[in-house]
Amino acid sequence: MKKNHPFHLVTKSPWPILVSFSMLNFLIGFINLMNESPLLFYLSSLTMMINLTQWWRDVKRESSIKGDHTKIVKEMIKMGMIMFIMSEIMFFLSFFWSFLHSSLAPSIEIGMKWPPKGVTPFNPMEIPLLNTIILVSSGASITWAHHSLLSNKLNQTIKSMIITITMGLYFSILQWWEYKNAPFTISDSIFGSSFFMTTGFHGIHVIMGTIFILTALESILMMKSNYLNHISFELSAWYWHFVDVIWLFLYIILYWWNK
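Residues numbered from 1 in each chain as written. Predicted model: local features only at pLDDT ≥ 70, side-chain atom pairs only at ≥ 80, totals over all residues. Heavy atoms only, no water.

1. Considerations on the overall build of the chain
- If you tally the helices and strands in the chain, you get seven helices and zero strands.
- In terms of overall dimensions, the chain has a C-alpha envelope of 70 × 40 × 30 Å along the principal axes.
- Counting all 259 residues of the chain, 39% fall into the buried class.
- Relative to all contacts within the chain whose residues are 6 or more apart in sequence, the contacts with residues 24 or more apart total 76%. (Helix = DSSP H or I, 4+ residues; strand = E, 2+ residues; numbered from the N terminus. Buried < 20%, exposed > 50% of the residue type's maximum accessible area, 1.4 Å probe, protein only. Contact = heavy atoms within 4.5 Å.)

Next comes the structure, spelled out in structure tokens:
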């Protein structure tokens with residue numbers, strides 16, 4: 001049936017409900033992982049990635065093969081991404097608010113001192129500073145990739161995206177090492193809770209952003225995206241810049257503030 005409108009009415013798909021159940025099992029498995037029972041976590045991670053891969057495959061087919069993503073559909077997709085990033089800003093704002101509330105007016109429960117007694121914060125001039133340089137540099141490389149793609153220089157686009165992905169993975173490895181050698185834990189007062197919740201969720205966003213850019217790179221390599229049609233890459237770049245900016249605030253408030 002031929003449509004007489006510029007909008008895209010999605011067809012029935014099993015992937016949303018399957019991804020929802022996979023995410024539910026993933027979170028339950030993550031809790032079990034803390035109790036040294038990793039099986040559900042690994043299985044749910046695998047099923048979630050399989051379901052997401054199939055879902056993204058269908059979306060790419062709708063865009064590149066079926067031509068369902070008209071100009072107005074792309075504008076609405078971009079608007080949806082903007083609203084999503086705005087909600088993420090509010091999400092991190094709540095963590096910053098909690099940390100500043102506790103640090104600017106320490107309560108008697110933590111000895112009216114910040115950082116609380118017995119808590120030794122990280123040196124902001126060591127791994128945190130290196131991670132800052134890495135993320136800022138990755139923001140430059142993803143911008144290089146964007147301008148190269150607009151100029152139809154695919155080799156430069158691919159190289160700069162690989163550099164960005166590599167730096168994202170490097171950041172995640174360094175954060176894991178930092179957690180492994182942390183002088184305090186998530187249970188060490190409001191300082192430990194706020195620190196690990198904020199940096200942990202940011203770390204998850206870095207991993208998500210790395211996967212996002214990786215899928216955009218796959219689209220370019222498979223010729224599903226080009227200098228005229230590259231919305232997946234554009235949205236991944238937006239998301240990566242958001243992750244960069246959040247880290248700068250995080251570095252200043254959670255690391256530099258307590259030096």
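What follows continues from the structure just given.
2. Structural notes on helix α1 (residues 15–34)
- Between its first and last C-alpha atoms α1 spans 28 Å; for 20 residues at 1.5 Å apiece the expected length is 28 Å, and the two agree.
- Every buried residue of α1 is accounted for by Trp 15, Val 19, Ser 22 and Gly 29. Viewed end-on, α1 has its buried residues packed into an arc of 85°, placing them on one side of the element. Every exposed residue of α1 that faces more than 90 degrees away from the buried side is listed here: Leu 27 and Ile 31.
- If you follow the buried residues of α1, they end up packed against α2 (39–64).
- Once α1 finishes, Glu 36 follows within two positions and takes phi at roughly 60°, a positive value. (Expected span 1.5 Å × (residues − 1). Arc of directions from axis to C-beta.)

3. Thoughts on the pattern of salt bridges
- This model, assessed by the stated rule, comprises four salt bridges.
- Measuring nitrogen to oxygen at the nearest pair gives 2.9 Å for the salt bridge that ties Arg 57 to Asp 58.
- You can call Arg 57 partly exposed: its relative accessible area is 29%.
- For Asp 58, a relative accessible area of 22% gives the class partly exposed.
- Taking the shortest distance from any N to any O, the salt bridge between Lys 60 and Glu 218 comes out at 2.7 Å. Highlighted residues: Lys 60 in helix α2 and Glu 218 in helix α6 (residues 189–221), separated in sequence by 158 residues.
- For Lys 60, a relative accessible area of 17% gives the class buried.
- Members of the salt-bridge network, linked through shared partners, are Lys 60, Glu 218 and Lys 224. (Salt bridge = Lys/Arg side-chain N within 4 Å of Asp/Glu carboxyl O.)

4. What to know about the domain arrangement of the chain
- When its domains are assigned, the chain resolves into domain 1 (13–68) and domain 2 (70–256).
- Computed over C-alpha atoms, the centres of domain 1 and domain 2 are 21 Å apart.
- On the side of domain 2, eight residues touch domain 1, which itself brings seven residues to the contact.
- Of the roughly 590 Å² buried between domain 1 and domain 2 on both sides combined, carbon and sulfur atoms contribute 57%.
- Across the contact surface, domain 1 and domain 2 share one salt bridge.
- Linking domain 1 with domain 2 are three residue pairs in polar contact (both at pLDDT 80 or more).
- In terms of residue class, the side of domain 1 that touches domain 2 is built from two nonpolar, three polar and two charged. (Domains from an automatic or database assignment. Buried area = accessible area lost by both parts, 1.4 Å probe. Polar contact = N/O pair within 3.5 Å; in protein donor to acceptor, adjacent residues only side chain to side chain. Nonpolar A, V, L, I, M, F, W, Y, C, P; charged D, E, K, R; others polar.)

5. Describing helix α7 (residues 231–255)
- Compared with an ideal rise of 1.5 Å per residue, which puts 25 residues at 36 Å, α7 spans 35 Å between its outermost C-alpha atoms and is within 8% of the ideal.
- Of all 25 residues in α7, 19 are buried, a share of seventy percent or more.

6. Structural notes on unusual backbone geometry
- The omega angle of the peptide bond from Trp 114 to Pro 115 is -5°, so this bond is cis rather than trans.
- Turning to its location among the elements, Pro 115 is positioned in the loop between α3 (71–104) and α4 (127–150).
- With a phi angle near 65°, Asn 152 is a residue other than glycine that sits in the positive phi range.
- Along the chain, Asn 152 falls in the loop between α4 and α5 (154–180).
- Since its relative accessible area comes to 42%, Asn 152 is described here as partly exposed.

7. A word on a nonpolar patch on the surface
- Together, Ile 72, Met 76, Met 79, Ile 82, Met 83, Met 86, Ile 89, Met 90 and Leu 93 make up a nonpolar patch on the protein surface, roughly 810 Å² of accessible area in all.
- Residue position: Ile 89 is located in helix α3.
- On the basis of relative accessible area, Ile 89 is assigned to the partly exposed category, the value being 32%. (Patch = residues over 30% accessible without salt bridge, like charges linked within 9 Å, V, L, I, M, F, W, Y side chains within 5 Å. Areas by Shrake-Rupley, 256 points an atom, 1.4 Å probe, with all protein chains shown as cover.)

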